Amino acid sequence: MTPSAALSLEQCAARVKLLALDSDGVLTDGGVYMAADGQENRRFDIKDGLGLKRVMAAGIRVAIVSGGSAPGPVTLRAHALGIEEVHTSIPEKLAVVKALCEKFQINLEEVAYMGDDLPDLPVLAAVGLPCAPADAIEAVL
């Protein structure tokens, strides 16, 4: 049970000052495209980019916290959108989210996090507004 369990969805959303996102399966279609040289690529949806720009325009910080080991495509896409906080190859995502809270002087209840897989569960359990895409694994949903 999160600290904000007694609040409505609207109340939780109104407190959000940081949107932190996993990348693979959240910002991408979950596929990994392998080139002959071993380079990994990802497919991002353009509509997500517009949504993230609108979130930032509303004054909410955005960060990517990914366990994925292919930082190139994720970092390039994030920087194209104006997202400066990009953390890849992160095995313990909650520690990074806590460090971001300290950096921005906010608390976990002011964080929305979207994840889709088992490594996201500790963060989802700790933040004020846990979110998941519709195709997340059952344990996350």
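Residues numbered from 1 in each chain as written. Predicted model: local features only at pLDDT ≥ 70, side-chain atom pairs only at ≥ 80, totals over all residues. Heavy atoms only, no water.

**Q** Can you break down empty space enclosed by the protein residue by residue, with the values?
**A** The final tally for this structure, using the stated rule, is one cavity of 30 Å³ or more. Each pocket or cavity is described by its volume, and for the largest cavity that value is around 60 Å³. Forming the boundary of the largest cavity are Leu27, Phe44, Asp45, Asp48, Gly49, Leu52, Ile64, Arg77, Ala78, Leu81 and Ile83. For the lining of the largest cavity, the secondary structure elements donating two or more residues are helix 2 (46-57) and helix 3 (71-81). (1 Å grid on protein atoms, 1.4 Å probe; cavity = no way out; pocket = protein on both sides within 12 Å on 5 of 7 lines; lining within 4 Å. Points joined across faces, edges and corners; volume = space filled by probe spheres on them. Helix = DSSP H or I, 4+ residues; strand = E, 2+ residues; numbered from the N terminus.)

**Q** Describe in detail the environment of Pro91, supporting the description with residues and values.
**A** With respect to the helices and strands, the residue Pro91 is situated in the loop between strand 5 (85-87) and helix 4 (93-104). Take Pro91: its relative accessible area is 66%, and that puts it in the exposed class. Sequence separation between Pro91 and Gly67 is 24 residues, and the spatial gap between their C-alpha atoms is 5.5 Å. (Buried < 20%, exposed > 50% of the residue type's maximum accessible area, 1.4 Å probe, protein only.)

**Q** Run through the pairing of strand 6 (residues 111-114), naming residues and quoting values.
**A** As paired elements, strand 1 (residues 18-21) and strand 6 share four bridges and run parallel to each other. From the neighbouring strand, Ala20 faces strand 6, where its bridge partner is Tyr113. Where strand 6 and strand 7 (residues 129-131) come together, three bridges link them in parallel fashion. By the bridge assignment for strand 7, Ala112 is matched with Leu129. (Pairing = 2+ DSSP bridges.)

**Q** Which residues make up the pattern of salt bridges, and what values go with them?
**A** Scanning all chains against the criterion turns up seven salt bridges. A salt bridge links Asp22 to Lys93, with the nearest nitrogen and oxygen atoms 3.1 Å apart. On the criterion of sequence distance, the pair formed by Asp22 in the loop between strand 1 and strand 2 (33-34) and Lys93 in helix 4 is long-range, its members being 71 residues apart. When sorted by exposure, Asp22 lands in the same class as Lys93, which is buried. Here Lys103 makes a salt bridge to Glu85, at a shortest N to O gap of 2.4 Å. With Lys103 in helix 4 and Glu85 in strand 5, this pair connects stretches of sequence that are 18 residues apart. Judged by its relative accessible area of 54%, Lys103 falls in the exposed class. Given the relative accessible area of 13%, Glu85 is considered buried. (Salt bridge = Lys/Arg side-chain N within 4 Å of Asp/Glu carboxyl O.)

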